[in-house]
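Geometric and topological summary
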Amino acid sequence: MLHTISIHFVFAFSFINFFVSVFVINYYFCGQINCKMKAKITMLGTGNALVTKCYNTCFVISTEEGNLLTDAGGGNGVLVQLEKAGIDYRSLNAMFLTHAHTDHLLGALWIVRMISTAINRGEYKGIFNIYSHSHLCGLLKMMVTEMLPKKIASEVGKGILINEIGDGEAFEAIGAHFTAFSIHSTKLEQFGYRMEYGDLKLACLGDEPYNEKCADYVKGVDWMLCEAFCLYDDRDRFHPYEKHHSTAKDAGEIASTLDVKNILLYHTEEKTLDTRKERYTAEAKLGFSGRVEVPYDLETVELE
Ligand SMILES: [Zn+2]
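As a starting point, this report considers the structure included with it. Every value quoted in this text rests on a predicted model; they were computed, and no experiment measured them.

1. Topic: the overall build of the protein chain
Looking only at helices and strands, the protein chain features 9 helices and 14 strands. The buried share of the protein chain, reckoned over its 304 residues, is 43%. Put simply, 62% of the contacts in the protein chain that link residues at least 6 apart link residues at least 24 apart.

2. Digging into the pairing of strand S7 (residues 170-173)
Taken together, the 4 bridges between S7 and strand S8 (residues 176-182) define a ladder with antiparallel strand orientation. Looking at the pairing, Phe 171 lines up with Phe 178 of S8. The hairpin turn running from S7 into S8, its antiparallel successor, is 2 residues long, and Ile 174 in that turn takes a positive phi close to 40°.

3. Quick word on the environment of Gly 73
One can find Gly 73 in the loop between strand S3 (66-70) and helix H2 (77-85). C-alpha of Gly 73 to C-alpha of Gly 47: the two residues are 26 residues apart in sequence and 9.4 Å apart in space. Leave out the neighbours within four places in its chain, and Gly 73 touches Leu 44, Gly 45, Tyr 55, Asn 56, Cys 58, Val 78, Asp 103 and Gly 107.

4. Some details on the packing of H2 against helix H3 (residues 102-120)
Axis separation between H2 and H3 bottoms out at 8 Å; the angle between their running directions is 65°. By the angle between their directions, the pair H2 and H3 is classed as roughly perpendicular. Across the interface between the two elements, Gly 77, Val 78 and Leu 79 from H2 touch Gly 107, Trp 110, Ile 111 and Met 114 from H3. Taken together, the residues that form the contact of H2 with H3 break down as 5 nonpolar, 2 polar and no charged.

5. Examining the sheet that holds strand S9 (residues 191-197)
Two modes of strand pairing occur in sheets, parallel and antiparallel, and in both the strands are linked by backbone hydrogen bonds. Across the sheet, which stays open at both edges, the 7 strands sit in the order S7-S8-S9-S10-S11-S12-S13 with mixed pairing between neighbours. Strands at the two margins of the open sheet, each flanked by one partner only, are S7 and strand S13 (291-293). Averaged over neighbouring strand pairs, the angle between their axes works out to 20° when direction is ignored. In this structure, S9 lies alongside strand S10 (residues 200-204), joined through 5 bridges in antiparallel fashion. Among the inter-strand pairings, Met 195 is bridged to a residue of S10, identified as Leu 202. Seen against the sheet, helix H8 (residues 248-257) touches strand S11 (223-227) and strand S12 (262-266) and runs at an angle of roughly 155° to S12.

6. Quick look at unusual backbone geometry
Located in the positive-phi region is His 244, a residue other than glycine, with phi close to 60°. Its place among the elements puts His 244 in the loop between helix H7 (235-238) and H8. His 244 sits in the partly exposed class, given 14 other C-beta atoms within 10 Å. The phi dihedral of Leu 298 is positive, around 75°, even though this residue is not glycine. On the secondary structure map, Leu 298 appears in the loop between S13 and strand S14 (300-302).

Criteria and cut-off values
- Residues numbered from 1 in each chain as written.
- Predicted model: local features only at pLDDT ≥ 70, side-chain atom pairs only at ≥ 80, totals over all residues.
- Helix = DSSP H or I, 4+ residues; strand = E, 2+ residues; numbered from the N terminus.
- Buried ≥ 20, exposed ≤ 12 C-beta atoms within 10 Å, placed from the backbone.
- Contact = placed C-beta atoms within 7 Å.
- Pairing = 2+ DSSP bridges.
- Axes fitted to C-alpha atoms, helices over the stretch in contact; angles between N-to-C directions.
- Parallel < 35°, antiparallel > 145°, perpendicular 65-115°, else oblique.
- Nonpolar A, V, L, I, M, F, W, Y, C, P; charged D, E, K, R; others polar.

That is the geometry; function is a separate question.
Below you can see the structure in the form of structure tokens.
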């Protein structure tokens, strides 16, 4: 009897010991040393619509689960940028399209073309998901049908899904939770998104100035991705406000009022590329104490 009890006791003790050890190891290595899920952003382009010395603004967000492309620039230059960045287009799992202006949308047709071809060759794994608002989705479907060979277009609806999302609607991609939202554009319907991945919170505001109706999506994020057409100092030279854009100074001030931790600026003019990183950063920092990134094309920033 005593023997059975002691065997039960030893078993129970070992069992508890095992779980305590697992918990301690997890806490030590994951909590203390940091095995947080990692994410990074690779800028394929950082320029505005008319640039020729850099590529139009588009970028890849990479997590441990995959790669999401946001916008695709104005043409098949997106394929060149992906190649230069060392990102195989077949490793893209999803694409978010903010709006239908040429400098954001036309490259998407090339992405669809390449991925569809890869699917036909058996070189692409899984489903490629595209997300945008209904107007753009309709436009993209029409472009695919009218402008791509039938065999390639026929993958849409099968291996490539064009998903219409509404304002405030959520979706899951690359292991992260996304919420799309209207940026309340004054020019053309445009969506941004909030992304949550582990502890990381990020907001992408597309290519127009921040609208306070978006506050709930942006407040307190770790990273705010937003346009800065030029420096406030250069406003008389580049006329950002007349073009419905804003400046590095504006971005810093907005980030500060929204308790954002870090900002990344893009969609800029290209006349001051040589000094852009230094001068834009300095101007944004006038009203903002967080980290400011003004990346070059092909630069990667760890989203910490
Ligand atoms: Zn644009």
